[in-house]
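As a plain string of letters, each chain reads:
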Amino acid sequence: MNSSAQTEIRRLAEGISHALSLSEDKLGGEVRTDAQNLLDRAEDRLGLGEDFTVVAFAGSTGSGKSSLFNAVAGLEIARVGVRRPTTSRPTACVWGEGGNDVLDWLHVPERSRTWRESALDGDDQRRLHGLILLDLPDHDSTAVEHRVESDRLVGLVDVVFWVVDPQKYADFSLHSEYLTKLAENSANMVVVLNQIDKLSPEEQKAATDHLRQLLNEDGLSETNVRISSAVTREGIPEIRSILADTVDSNDAAAERLLADMQAMANRIRKELGEPVSSPDELAGASRLVETMSEAAGVEAVAQTVHDDYIRRSYRKTGYPILAWAQRNAPDPLGAKHGQDRDELVRASVPATTKAQSSHVRLMAHELIAESVSTMPQAWQNEAAEAEKKSTDELSANLDSAVTAVDITRQSPGWWSLAHTLQIIFFVASFVGLLGIIVSALVAVIGSGALPTWCWIVSFGLFLIGCIGSFVTSLMAKSARAKGAKEAASEVDGKLRDAVGRVAQSSYLNSVKSVIGEHRRAYEMLG
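Analysis parameters
Residues numbered from 1 in each chain as written. Predicted model: local features only at pLDDT ≥ 70, side-chain atom pairs only at ≥ 80, totals over all residues. Heavy atoms only, no water. Core = buried A, V, L, I, M, F, W, Y, C linked by side-chain atoms within 4.5 Å. Buried < 20%, exposed > 50% of the residue type's maximum accessible area, 1.4 Å probe, protein only. Contact = heavy atoms within 4.5 Å. Phe/Tyr/Trp six-rings, centres within 6.5 Å; stacked < 30°, edge-to-face > 60°. Helix = DSSP H or I, 4+ residues; strand = E, 2+ residues; numbered from the N terminus. Lys NZ or Arg CZ within 6 Å of the ring centre and 35° of its normal. UniProt positions renumbered as here; feature names shortened; annotations may be inferred. Pairing = 2+ DSSP bridges. Axes fitted to C-alpha atoms, helices over the stretch in contact; angles between N-to-C directions. Left-handed = near helix turned anticlockwise from the far one by under 90°. Nonpolar A, V, L, I, M, F, W, Y, C, P; charged D, E, K, R; others polar. Salt bridge = Lys/Arg side-chain N within 4 Å of Asp/Glu carboxyl O. Expected span 1.5 Å × (residues − 1). Arc of directions from axis to C-beta. pLDDT = per-residue confidence, 0-100.

**Points about the nonpolar core**
Generally speaking, nonpolar side chains in soluble globular proteins are found buried as a group. Counting 38 residues, the largest nonpolar core has Leu 106, Ile 132, Leu 134, Trp 162 and Leu 211 as the members making the most contacts within it. Not counting the four nearest positions on each side in its chain, Leu 134 is found in contact with Val 54, Val 55, Ala 56, Phe 57, Phe 69, Thr 91, Ala 92, Leu 103, Leu 106, Val 108 and Val 157. Ranked by size, the runner-up nonpolar core spans 35 residues in total, among them Ile 16, Ile 268, Tyr 522 and Leu 525.

**Structural notes on the packing of aromatic side chains**
Counted under the stated rule, the structure contains seven aromatic pairs. Here the aromatic rings of Phe 426 and Phe 430 are separated by 6.4 Å at their centres, their planes lie at 20 degrees, and the arrangement is stacked. A residue pair is termed a helical-turn pair when its members lie 3 or 4 positions apart in one helix, as Phe 426 and Phe 430 do in helix H17 (residues 413-445) at four residues. Taking the relative accessible area as the measure of exposure, Phe 430 reaches 49% and is therefore partly exposed. The lysine or arginine in question, Lys 26, covers the ring of Trp 379, its NZ or CZ lying 3.9 Å from the ring centre. The side chain of Arg 269 reaches across the aromatic face of Tyr 522, ending 3.9 Å from its centre.

**With respect to the UniProt feature "transmembrane region" (unreviewed entry) in the chain**
UniProt tags residues 423-449 and 455-476 as "transmembrane region" (unreviewed entry). For residues 455-476, helix accounts for 100% and strand for 0%, while the C-alpha atoms at its two ends are 31 Å apart.

**Things to note about the sheet that holds strand S5 (residues 159-164)**
Read from one edge of the open sheet, seven strands run S3-S2-S4-S1-S5-S6-S7, paired in mixed fashion. One side of each edge strand has no neighbouring strand; the edge strands of this open sheet are strand S3 (113-115) and strand S7 (224-227). When strand polarity is set aside, the average angle formed by the axes of neighbouring strands in this sheet is 20 degrees. In terms of strand pairing, strand S2 (residues 91-94) meets strand S4 (residues 131-135) through four bridges, oriented antiparallel. Looking at the pairing, Val 94 lines up with Ile 132 of S4.

**With respect to the packing of helix H1 (residues 3-20) against helix H2 (residues 29-47)**
Contact geometry of H1 with H2 gives a least axis separation of 10 Å together with a crossing angle of 145 degrees. The hand of the H1/H2 crossing is left-handed. From H1, Gln 6, Ile 9, Arg 10, Ala 13, Ile 16, Ser 17 and Leu 20 reach across to H2, where they touch Arg 32, Ala 35, Gln 36, Leu 38, Leu 39 and Leu 46. Across the contact of H1 with H2, the residue classes break down as eight nonpolar, three polar and two charged.

**As for the pattern of salt bridges**
A complete count under the given rule lists 21 salt bridges for this structure. Ionic pairing is found between Glu 382 and Lys 26, a salt bridge with its closest N-O pair at 2.2 Å. Here the residue Glu 382 occupies a position in helix H15 (residues 377-391), and Lys 26 occupies one in the loop between H1 and H2, the gap between them amounting to 356 residues. What makes Glu 382 partly exposed here is its relative accessible area of 27%. Residue Lys 26 is classed as buried on the basis of its relative accessible area, which comes to 8%. Residue Lys 65 pairs with Asp 135 through a salt bridge whose shortest N-O separation is 3.2 Å. One end of the pair, Lys 65, is in helix H3 (residues 65-73); the other, Asp 135, is in strand S4, and 70 residues separate them in sequence. For Lys 65, a relative accessible area of 2% gives the class buried. The exposure class of Asp 135 is buried, given its relative accessible area of 1%.

**With respect to helix H7 (residues 201-217)**
Spanning 17 residues, H7 covers 25 Å between terminal C-alpha atoms, matching the ideal 24 Å at 1.5 Å per step. Along H7, the residues classified as buried are Gln 204, Ala 207, Leu 211, Leu 214 and Leu 215. One face of H7 carries all of its buried residues, which in axial projection span an arc of 95 degrees. With respect to the buried face of H7, the exposed residues turned more than 90 degrees away are Pro 201, Glu 202, Lys 205 and Glu 217. Where H7 terminates, the next one or two residues include Gly 219, which has phi positive at roughly 85 degrees.

**Notes on the confidence of the model for the chain**
In the predicted model, the chain carries a mean pLDDT of 82, and the fraction of residues at 70 or more is 82%. In the model, residues 81-85 has pLDDT below 50 throughout and makes eight contacts with residues more than four positions away in sequence or in other chains.

Next up, the structure:
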């Protein structure tokens, strides 16, 4: 057998086996039964090896398939008669030694088995060595057991020759119940227009062309069409040549199994439905994170951090007198001495309301419902169940995640520098102002004036202190605004990341697991 075909067969068999491992509600009973039967058949057929290729002649009553079977075999093996249906059980002709294990698997009665070659044949039959040719019961027999037996063997053999006659080659039941349904096996079928001795050359061409058209409409464009007559032996050498080429290629069994595996994989895929295109990037996930962030009070925490930064940095870097005057101003945290500011920041966040929690649950439900809407109901139900279990854990997970975020921020080094400069410039302006006042008092009420340099030094210190305090305060104000914004942004980012992780663990991961399982089952059949 073709090694690449066998590899593909085993790959698809693994995919089908995986589909069968899914819960009962995810794969219909009929598909499940047919898939298991196919796996069993594939294992059995591959286990029988490649020594024999099994070809069956199938057809309706009166098509002359038994006569054609005898003509190809060169022996009167199949019973031919006027009474119909004639073929009641499968008849086998085997070229070469052995084949009993294959015939046992096919359940061909021992009394219906014939080994073709004899010493008189010489090399006439050598090209057909390894062929098991079956004459099947009529597929349209009035006896139900005959139809069942024919259908069973059509599903087992490697190649099927459909033998039709000029009167019934366009029969609707033949095309709708058999040929169309076996379209995936078109390369492993041959349609033989038999009894052409009853037609003129013009009628033969017209019937052959019409049959070809019907087969194309059935999806059997790759199916070979031949003509034959068991009476005149026309077409018999060509049919034997096709049989010999089929045996020589040694690929028929693998090709038939591969076609059946592919057909079953497509059938299961249809039942599974289309998978979600991007299971790791669910549409609307960002909206869910935003809603959860709002419920968790992320903006409130960030704003509190911003305000707290402004207040603390102003007390450290503002103009000393004004900063001192702010010492009793209301703390945005309601801080009390001895308490950890991290805890105070969290304590300032308002509790999540029932309305916010309901909004989060609704948003999550809508996201999940939308994400799995293309999947079959059974998969949607599983996703809904996963969502339901996760919802119960939402509040605790969200609180834990937000609480675990470190929102404390170390005082930056520039605070100390600005504080030092503010003290220096404040002292300079104070000393300078004091020197000016003293110099003026001495000049007014004193007996003489202080040296000029005292005025210069006093005014210099005062101006340097005032200008330095102004410039330092201006720069500190800009730095405070920038730092507060950065602190708030950093905390906002950390909290949103934490909320995002909760969204993943509490909702999205559980649903993605369902979506991923569905996609894996689908892709394994591709």
